[in-house]
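One-letter residues, chain by chain:
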Amino acid sequence: MLGYKRVITSRRRSIFSLQGEVAAPTGNRLRDLGSGVTTFGTFASFGQLLTNTSFVQIQTGADLPVNTEKASQAVFFHTAIGKTFAQNHGFGRIWTPMVEFLADRELVDGAKTNWDILPEMQ
């Protein structure tokens, strides 16, 4: 995969960036791993500090394969919200629990939107 990401704007408590990428066909089609076609991807991402220790991140984009007979075009939307807890006034362990809401949909007639909620810890 080869990509390029560029920060469009960055302010004191927020950031907005765009990325474009191309992914070579890798994986194992016999085991249903990978699409088997070159895919162009693009996404926009935005991050905002809500307080000094809490945040929201939003990412939306599309996967655009060159051969739509083998792999469908798809769009996605991800949002994560979390809060960081630092021990020992920032000199100890730092824990960041968050929850991420995920949605994706293939761009074909009759496709359903896949929704998921993912608890995370960093």
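Here the structure is a predicted model, which is why all the values come from computation and not from measurement. (Residues numbered from 1 in each chain as written. Predicted model: local features only at pLDDT ≥ 70, side-chain atom pairs only at ≥ 80, totals over all residues. Heavy atoms only, no water.)

This part takes up the confidence of the model for the chain. Put simply, the chain has an average pLDDT of 93, and 99% of its residues get 70 or more. Element-level pLDDT for the chain is lowest in strand E6 (residues 85-86), with a mean of 92, against a maximum mean of 98 in strand E5 (residues 74-83). (pLDDT = per-residue confidence, 0-100. Helix = DSSP H or I, 4+ residues; strand = E, 2+ residues; numbered from the N terminus.)

Turning our attention to the side chain of threonine 39. Inspection of the secondary structure puts threonine 39 in strand E3 (residues 39-49). Accessibility expressed as a relative area gives 14% for threonine 39, which makes it buried. Side-chain polar atoms of threonine 39 contact the backbone oxygen of valine 37, separated by 3.4 Å. With sequence-adjacent residues up to four places away left out, threonine 39 is seen in contact with Glu21, Val22, Ala23, Asp63, Leu64 and Pro65. (Buried < 20%, exposed > 50% of the residue type's maximum accessible area, 1.4 Å probe, protein only. Polar contact = N/O pair within 3.5 Å; in protein donor to acceptor, adjacent residues only side chain to side chain. Contact = heavy atoms within 4.5 Å.)

Another point: the packing of aromatic side chains. Ring pairs (aromatic) are described by centroid distance and by the angle formed between their planes. On inspection of all chains with the given rule, the structure shows zero aromatic pairs. The ring of phenylalanine 85 has lysine 83 sitting right over it, with the charged end atom 5.5 Å from the ring centre. (Phe/Tyr/Trp six-rings, centres within 6.5 Å; stacked < 30°, edge-to-face > 60°. Lys NZ or Arg CZ within 6 Å of the ring centre and 35° of its normal.)

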